Amino acid sequence: MTHRIRLAGALAAAGLLAMAAMPAAAQEIELHGAVQFDDNHAFNKALLKFEELTTACYKKPIKFVLHRNSELGLEKDYFNFMSKGVSVDYAIASPSHMSTYSKMAPLMDMPFLFRDLDHWNKVLEQDGLAPIADDVKAKADVILIGYAGGGTRNLIVKRPVENMADLKGLPIRVMGAPIQTQIFQAITAAPTVIAYSEVYNAIQTGVIDAAENEAAGIEQMKFYEVGPDISLTQHAITVRPIGFSGKTFRKLPADLQACIMSSGKAAGKHGRDIESSQDSAKLAKMESEGKLKTHKFTDRAKLLELAEPVKQAYAAELGATAVLEKINSIK
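Read on for an overview of the structure. As the structure is a computational prediction, the values presented were derived from the model and not from experiment.

Examining the overall build of the chain
- Of regular secondary structure, the chain possesses 12 helices and nine strands.
- Taking 331 residues into account, the globule formula puts the C-alpha radius of gyration at 20 Å, and the chain, at 21 Å, falls close to it.
- Over its C-alpha atoms, taken along the principal directions, the chain stretches across nearly 70 × 40 × 30 Å.
- Split into buried and exposed, the 331 residues of the chain put 51% on the buried side.
- Taking contacts inside the chain between residues at least 6 apart in sequence as the whole, the part at least 24 apart equals 74%.
- For the chain, the exposed area adds up to about 13700 Å²; of that, 54% sits on carbon and sulfur atoms.
- Between the averaged position of the 38 positive side-chain charges in the chain and that of its 38 negative side-chain charges there is a distance of 3 Å.

Observations regarding the side chain of T54
- Within the secondary structure layout, T54 lies in helix α1 (residues 42-58).
- By relative accessible area, which is 0% here, T54 ends up buried.
- A distance of 2.7 Å separates the side chain of T54 from the backbone oxygen of F50, its partner in a polar contact.
- Sequence-distant contacts of T54, that is, excluding residues within four places in its chain, are made with F64, L256, C259, I260 and S263.

A short note on the pairing of strand β4 (residues 142-157)
- Most of β4 sits out of view: 16 of its 16 residues are buried.
- Of the pairings in the sheet, the one linking β4 to strand β8 (residues 229-245) comprises 12 bridges and is antiparallel in character. If you follow L155 over to β8, its bridge partner there is S231.
- As defined by bridge partners, β4 adjoins strand β7 (residues 210-213) across four bridges and the pair is classed as antiparallel. The residue bridging V157 from the neighbouring strand is A210, located in β7.

Thoughts on the packing of α1 against helix α10 (residues 254-288)
- Relative to each other, α1 and α10 sit at 150°, their axes nearing to 7 Å. When the interaxial angle is binned, α1 and α10 end up roughly antiparallel. Viewed along their axes, α1 and α10 form a crossing whose handedness is right-handed.

Considerations on the pattern of salt bridges
- By the definition in use, this model includes 17 salt bridges.
- For R68, the salt bridge is made with D39, and the minimal N-O distance between the two is 2.6 Å. Taken together, the residues span a long stretch of sequence, with R68 in the loop between β2 (62-67) and α2 (75-84) and D39 in the loop between β1 (29-34) and α1 at a distance of 29 residues.
- R68 sits in the partly exposed class, given a relative accessible area of 28%.
- You can call D39 partly exposed: its relative accessible area is 34%.
- Here K122 makes a salt bridge to D118, at a shortest N to O gap of 3.2 Å. In this pair, K122 and D118 are both assigned in helix α3 (residues 117-125), four residues apart and thus about one turn of the helix distant.

The rules behind each value
Here the residue numbering is sequential within each chain, running from 1 through the sequence in written order. Per-residue local features of the predicted model are confined to residues with pLDDT of at least 70, and side-chain atom pairs are confined, for both listing and counting, to 80 or more; whole-chain, interface and lining totals are unaffected and use all residues. For the side-chain quantities, the full set of heavy atoms in the structure was used; hydrogens and water were omitted. A helix here means a DSSP run of H or I that spans at least four residues, while a strand means a run of E at least two residues long, and both kinds are numbered starting from the N terminus. Each radius of gyration reported is based on C-alpha atoms, and the globular scaling rule is 2.2 Å times the count of residues to the power 0.38. Exposure classes here rest on a 1.4 Å probe applied to the protein chains alone. A residue is buried below 20% of its type maximum, exposed above 50%, and partly exposed in between. The contact definition used throughout considers only heavy atoms, calling two residues in contact when any of these lie within 4.5 Å. Values of accessible area rely on a 1.4 Å probe in the Shrake-Rupley scheme; residue burial ignores everything except the protein chains shown. Asp and Glu count as negative and Lys and Arg as positive, but His and the ends of the chain are not part of the count. Charged side chains are reduced to one point each, which is NZ for Lys, CZ for Arg, CG for Asp and CD for Glu. Polar contact is the term for a pair of N or O atoms within 3.5 Å; when the atoms are in protein, one must be able to donate a hydrogen and the other to accept it, and sequence-neighboring residues count only if both atoms are side-chain atoms. A strand pair is defined by DSSP finding two or more bridges across the two strands. A fitted line through C-alpha atoms represents every axis, and for helices the fit uses only the stretch in contact; the resulting angles, taken between N-to-C directions, go from 0 to 180 degrees. Reported orientations rely on four angle classes, namely roughly parallel under 35 degrees, roughly antiparallel over 145, roughly perpendicular from 65 to 115, and oblique for the rest. Each helix crossing is assigned a hand: it is left-handed if the near helix lies turned anticlockwise from the far helix by less than a right angle, otherwise right-handed if that turn is clockwise. Salt bridge, as applied in this entry: a Lys or Arg side-chain nitrogen positioned within 4 Å of an Asp or Glu carboxyl oxygen.

Written as structure tokens, this is what we have:
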């Protein structure tokens with residue numbers, strides 16, 4: 001008789017049964033993933049690559065079920081489910097959704113954490129975030145098996161901003177986390193917290209002169225209509241970990257565990273390559289269509305210098321000073 005590792009518990013409406021069994025060598029194992037998007041999104045492509053690589057590596061009966069388009073809720077739900085060992089075995093989630101468990105996790109989303117795209121890639125390839133992953137595993141029982149992401153955030157402005165003189169006092173919308181306000185104050189802008197849904201109108205009516213986002217957000221929200229000048233500050237490059245439930249992981253045979261770890265790392269790299277290339281391609285496409293104009297920020301080294309004391313203070317607050325030092329040391 002075939003047994004399957006199934007989701008335990010929650011979301012009966014999704015038709016999932018509460019089953020859990022120790023797998024034997026010839027038994028089929030069933031694992032469930034979740035994602036908010038469809039198969040065109042880089043996150044889905046990363047998770048599908050994870051499934052493909054794991055299946056090829058394991059070479060024994062295994063079935064993956066990927067629940068798309070927020071069928072099982074949102075990323076914050078996926079992370080909680082993985083932590084509890086119910087409903088979701090693997091998923092991609094923003095570091096902000098890990099903060100309930102791990103005080104250190106939000107460091108991954110801090111502006112100016114990475115010097116540039118090359119530094120970002122090297123940090124992830126060299127396990128520069130390993131102490132955070134260890135903390136997440138200990139506190140949430142979720143294993144970070146790989147790192148996707150790659151969206152680069154720039155300024156969306158009503159006028160060209162190319163240097164510190166242009167940036168000084170710039171009224172800009174930032175996200176609600178205090179570190180966002182602190183960083184943008186440090187680099188001499190004038191940040192204010194505004195709901196994301198209100199950004200377009202706020203720029204259009206002159207409440208603010210700028211916002212910040214990735215190329216996908218600029219395209220989706222048509223921010224270029226009110227902020228056609230994109231200042232390439234590259235102040236944040238996203239990190240989106242692939243998580244795997246520790247409770248599920250411990251029930252799996254050792255050879256499958258090894259496959260999951262190696263496949264997760266490779267799938268994360270696959271996702272990063274897709275998203276980072278899509279990001280630059282989207283920006284270039286919008287510029288070629290005359291929707292926006294990009295501007296190199298010539299004083300970027302000054303931005304990094306001004307942000308550093310705030311980064312150090314924030315890392316100390318999170319108990320992650322050693323992590324930041326490790327990241328900074330990677331060349």
